[in-house]
Structure formats: C-alpha cells, structure tokens
Amino acid sequence: MTTQDEFLAGKRVLLVIAGGVAAYKSLDLIRRLRERKVKVRAILTQAGARFVTPLSVQALTEDTVYQDMWSLTDESQMGHIRLSRDADLVVIAPATADLMARMAAGMADDLAATAVLATDKPVLLAPAMNVRMWEHPATQANLATLERRGALRVGPNAGDMACGEYGMGRMAEPMEIVAAVAAFFAGQAAP
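Here is a short report on the structure shown in this document. Every value quoted in this text rests on a predicted model; they were computed, and no experiment measured them.

**Remarks on helix α2 (residues 23-35)**
In a regular helix each residue adds 1.5 Å, so 13 residues correspond to 18 Å; α2 covers 19 Å between its end C-alpha atoms and thus fits that length. Of all the residues in α2, the buried ones are Ala 23, Lys 25, Ser 26, Leu 27, Leu 29, Ile 30 and Leu 33. Where α2 terminates, the next one or two residues include Lys 37, which has phi positive at roughly 65°.

**Things to note about the layout of surface pockets**
Take a probe with the size of a water molecule and roll it over the atoms, and the empty space left behind shows itself. Put simply, the largest pocket is a space of about 300 Å³. Lining the largest pocket are 17 residues, with Val 21, Ala 22, Met 161, Ala 162 and Gly 169 sitting closest to its centre. Among the secondary structure elements, those contributing two or more residues to the lining of the largest pocket are α2 and β8 (166-170). Across the lining of the largest pocket, the residue classes tally to nine nonpolar, five polar and three charged.

**Topic: a nonpolar patch on the surface**
Side chains of Val 21, Tyr 24 and Phe 51 sit close together on the surface and give an oily, nonpolar patch of about 310 Å² of accessible area. Here Val 21 falls in the partly exposed class, since its relative accessible area comes to 47%.

**Notes on the packing of aromatic side chains**
Overall, the coordinates contain one aromatic pair when judged by the stated rule. Centre to centre, the rings of Phe 184 and Phe 185 are 5.0 Å apart; their planes meet at 65°, and the pair counts as edge-to-face.

**Structural notes on the nonpolar core**
In this structure, Val 91, Ile 177 and Val 181 are the most contacted members of the largest nonpolar core, which totals 32 residues. Mapped by element, the contributors of at least two residues to this core are β1 (12-17), α2, β2 (39-44), β4 (89-95), β5 (123-127) and α10 (174-189). Looking at which element gives the most residues to this core, the answer is α10, with six residues. With 28 residues, the next largest nonpolar core counts Leu 83, Ala 97, Met 100 and Ala 113 among its residues.

**Examining the packing of helix α6 (residues 97-105) against helix α9 (residues 137-148)**
It is at 9 Å that the axes of α6 and α9 come closest, and there the two elements cross at 50°. By the criterion of interaxial angle, the relationship of α6 to α9 is oblique. Here α6 runs over α9; the crossing is left-handed. In contact with Ala 97, Met 100, Ala 101, Met 103 and Ala 104 of α6, α9 contributes Thr 139, Asn 142, Thr 145 and Leu 146.

Analysis parameters
- Residues numbered from 1 in each chain as written.
- Predicted model: local features only at pLDDT ≥ 70, side-chain atom pairs only at ≥ 80, totals over all residues.
- Heavy atoms only, no water.
- Helix = DSSP H or I, 4+ residues; strand = E, 2+ residues; numbered from the N terminus.
- Expected span 1.5 Å × (residues − 1).
- Buried < 20%, exposed > 50% of the residue type's maximum accessible area, 1.4 Å probe, protein only.
- 1 Å grid on protein atoms, 1.4 Å probe; cavity = no way out; pocket = protein on both sides within 12 Å on 5 of 7 lines; lining within 4 Å.
- Points joined across faces, edges and corners; volume = space filled by probe spheres on them.
- Nonpolar A, V, L, I, M, F, W, Y, C, P; charged D, E, K, R; others polar.
- Patch = residues over 30% accessible without salt bridge, like charges linked within 9 Å, V, L, I, M, F, W, Y side chains within 5 Å.
- Areas by Shrake-Rupley, 256 points an atom, 1.4 Å probe, with all protein chains shown as cover.
- Salt bridge = Lys/Arg side-chain N within 4 Å of Asp/Glu carboxyl O.
- Phe/Tyr/Trp six-rings, centres within 6.5 Å; stacked < 30°, edge-to-face > 60°.
- Core = buried A, V, L, I, M, F, W, Y, C linked by side-chain atoms within 4.5 Å.
- Axes fitted to C-alpha atoms, helices over the stretch in contact; angles between N-to-C directions.
- Parallel < 35°, antiparallel > 145°, perpendicular 65-115°, else oblique.
- Left-handed = near helix turned anticlockwise from the far one by under 90°.
- Contact = heavy atoms within 4.5 Å.

Right under this line is the structure:
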C-alpha cells in the first residue's frame, strides 16, 4: 500500500457518471478506487447509460446503481439527499458540458443534478467533451462559477478526441483521478 493509498482506504465516494464517450473510463476508475479500499456508490445518468451499462457499474461497485430520481424503491432505500451526504467526496467523471451547465444554473432535473445540488460534500469534476465545447465561453463561465463555489477539478487533458479532433477535452485518466482523490483526502488529513 502506497502512502497515497493510505488516505483512500475506507473513504466513501459518490461517482456520478454522465453521458459522454469517456464514460467507459469510469469503469476503470471504479476498479482502481475499489482496489484501494474505497467504497464507491454510483449515479448513472440516462445519457451515461448509453455508454456504459448499469450492470457493469453494479458489478464493479458491488452496490446498487442509482439512476431514477422517481424510483420509489431507490427513494425508500436511499433518498437523493442521503445518497449525496453519505459520501466523503462526490466525483463527477465524466463531467460533461451539459451537466456542468445544469450544476452552474442550480438545476435539479434528474437524480445526478439533484444529488449534486443537495450535497454538503466537496465535488471533484473530471471534465470531458469536444475541444470546441471545452473552449466555448459558456463552458468556461460555468466552470468558473463552479470553481468559485468550491468545486475541484482534474483535467481535462489534450489529445485525440473520439470525434476525430485534437485538443483539450479528454477526460483525465483513471489513475490521475485516483491521485486527485487521494490528494484531496491527504489535504484533509494534514494538520
């Protein structure tokens, strides 16, 4: 166990998986966090479920995958308020332009946005989108708003995009996100 891993063991992360090609990396992120004894619960957005399956996420988290704000079963077992507050950190990977815009506007129109709006825990964004979307003034303004409110960020990185373009917008690699999570908890543990 590395020093970095010592800060992770026993921590609870709520992972929000939004819709974007980079959602496939969230599966490896779950695996890497679980290897370090992090308890991971996941919210999978409707768009996220077009890229990764609830069954895959459930198999890796070994927990229920939360998707529907209106599910009576989920709400009776784990309301969106409790779901967001039972975590030590909320990680949004991928953090799409759409979800960041809804967060900046304070919208609560699906389970992911509602849980993030209701949380009293720190939020770590791992943005992922097309380079033009990343560079757009609206996205940059939304990001600035979220960071002013205390959101943390890892990435994005520059590289080839699924759309064939090149530039900033690739989601940080899973181990980069793990390192950012560990750094967050290490900072909390510092005197």
